[in-house]
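# Notes for the structure review
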Amino acid sequence: MTEVFTIRAILDADEDVIRDIAIHGNANLYDLHKILVQAFDLEPGEMSSFFKSNDDWEQGEEISMMDFDAESGKNQLEAHSIEESFVKEEEKMFFVYDYMNLWTFYLEATAIKIINETSFESQVLGKIGERPNTPPEKEMKADTGDDDLFSEWDHDNEDSDDYQGDDWY
C-alpha cells in the first residue's frame, strides 16, 4: 500500500499556468522541487524554498534548500516528507524557485489516495498553459510590523529627544 499525493501547482503569472503532480507520500520536498522544475521547464540548478501557508494564502515558515541539518548533512528540503508537509487535502504551501527571478508557485494538495502498488514514480498528471520566458515582476520585502520605524527620528541632530546615546534600542 502506498500513499500518493496529488499536488496542484499554479504559477503566479498573468496567464493560467498549472500542473497537477502525483508524488509518493514518502518522497521529500527536494523530490517535489525536482519534479516542479521539470514540469515547468525551469533551468535546473537554482536554489529554492517552500513556505507553509494557510487557507488565506498567508506566507508562513520557510523551509529552505540553503539550510542544512548539521547531524544528517541534508538540506531542509530533504528532511521534510510530502506526507508531513501536506498533512491533509487542501493543505497549502508556496514554492519559490531561483532567488534572482523569484518564480513563485501556489501549491495545494488536491487529493491523497492509497494505492495497491508498492513502488510509485512521481509524474505530471495534467498541464495547462506554458510558462512565460520571464517571471512576473516581484519585490521581496520584509514585514517589520512598523511601516516607518524611524520616521520621527532626527538623524542629523544628536541632541534630539529621540537620541539616547549608546543606550538606545
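Provided above is the structure to which this section pertains.
Each value, and the rule that gives it
- Sequence order as written defines residue numbering, which begins from 1 separately in each chain.
- The model is predicted, so local features are restricted to residues of pLDDT at least 70 and side-chain atom pairs to those at 80 or more, both for listing and for counting; the totals for chains, interfaces and linings are taken over all residues.
- With hydrogens and water excluded, all non-hydrogen atoms of the structure serve as input to the side-chain values.
- Where helices and strands are cited, they refer to DSSP runs of H or I of at least four residues and of E of at least two residues respectively, numbered from the N terminus.
- Strand pairing requires that DSSP identify at least two bridges connecting the strands.
- Under this scheme, a helix contributes an axis fitted over its contacting stretch, all axes are lines through C-alpha atoms, and angles between N-to-C directions fall in the 0 to 180 degree range.
- Among buried residues, the Ala, Val, Leu, Ile, Met, Phe, Trp, Tyr and Cys ones that are joined through side-chain atoms within 4.5 Å form a nonpolar core.
- The rule is simple: take the accessible area with a 1.4 Å probe, protein chains only, and divide by the maximum for that residue type; under 20% is buried, over 50% is exposed, in between is partly exposed.
- We call two residues contacting when some pair of their heavy atoms lies within 4.5 Å.

### Side note on unusual backbone geometry
A positive phi angle, near 60°, is found at Trp 57, a position not held by glycine. In this fold, Trp 57 is placed in the loop between strand E3 (48–53) and strand E4 (59–64). Even without being a glycine, Asp 98 presents a positive backbone phi close to 70°. Following the sequence through the fold, Asp 98 ends up in the loop between strand E5 (92–97) and strand E6 (103–115).

### A few points about the sheet that holds E6
Across the sheet, which stays open at both edges, the 7 strands sit in the order E4-E3-E5-E6-E1-E2-E7 with antiparallel pairing between neighbours. Each end of this open sheet is capped by a strand with a single partner; those strands are E4 and strand E7 (123–128). Across this sheet, the average inter-strand angle for adjacent strands is 25°, counted without regard to direction. Note that strand E1 (residues 2–11) and E6 share 10 bridges and pair antiparallel. Note that in E6 the partner of Val 4 across the bridge is Lys 113.

### A few points about the nonpolar core
Grouped together as the largest cluster of nonpolar side chains are 29 residues, with contacts concentrated most on Leu 32, Leu 36, Phe 40, Phe 50, Phe 86, Phe 105 and Leu 107. Those elements that place two or more of their residues in this core are E1, strand E2 (18–24), helix H1 (29–39), E5 and E6. No other element matches the 6 residues that H1 contributes to this core. Apart from the residues within four sequence positions on either side, Phe 50 is in contact with Leu 29, Leu 32, His 33, Leu 36, Glu 61, Glu 62, Ile 63, Leu 77, Met 93, Phe 94, Phe 95 and Leu 107.

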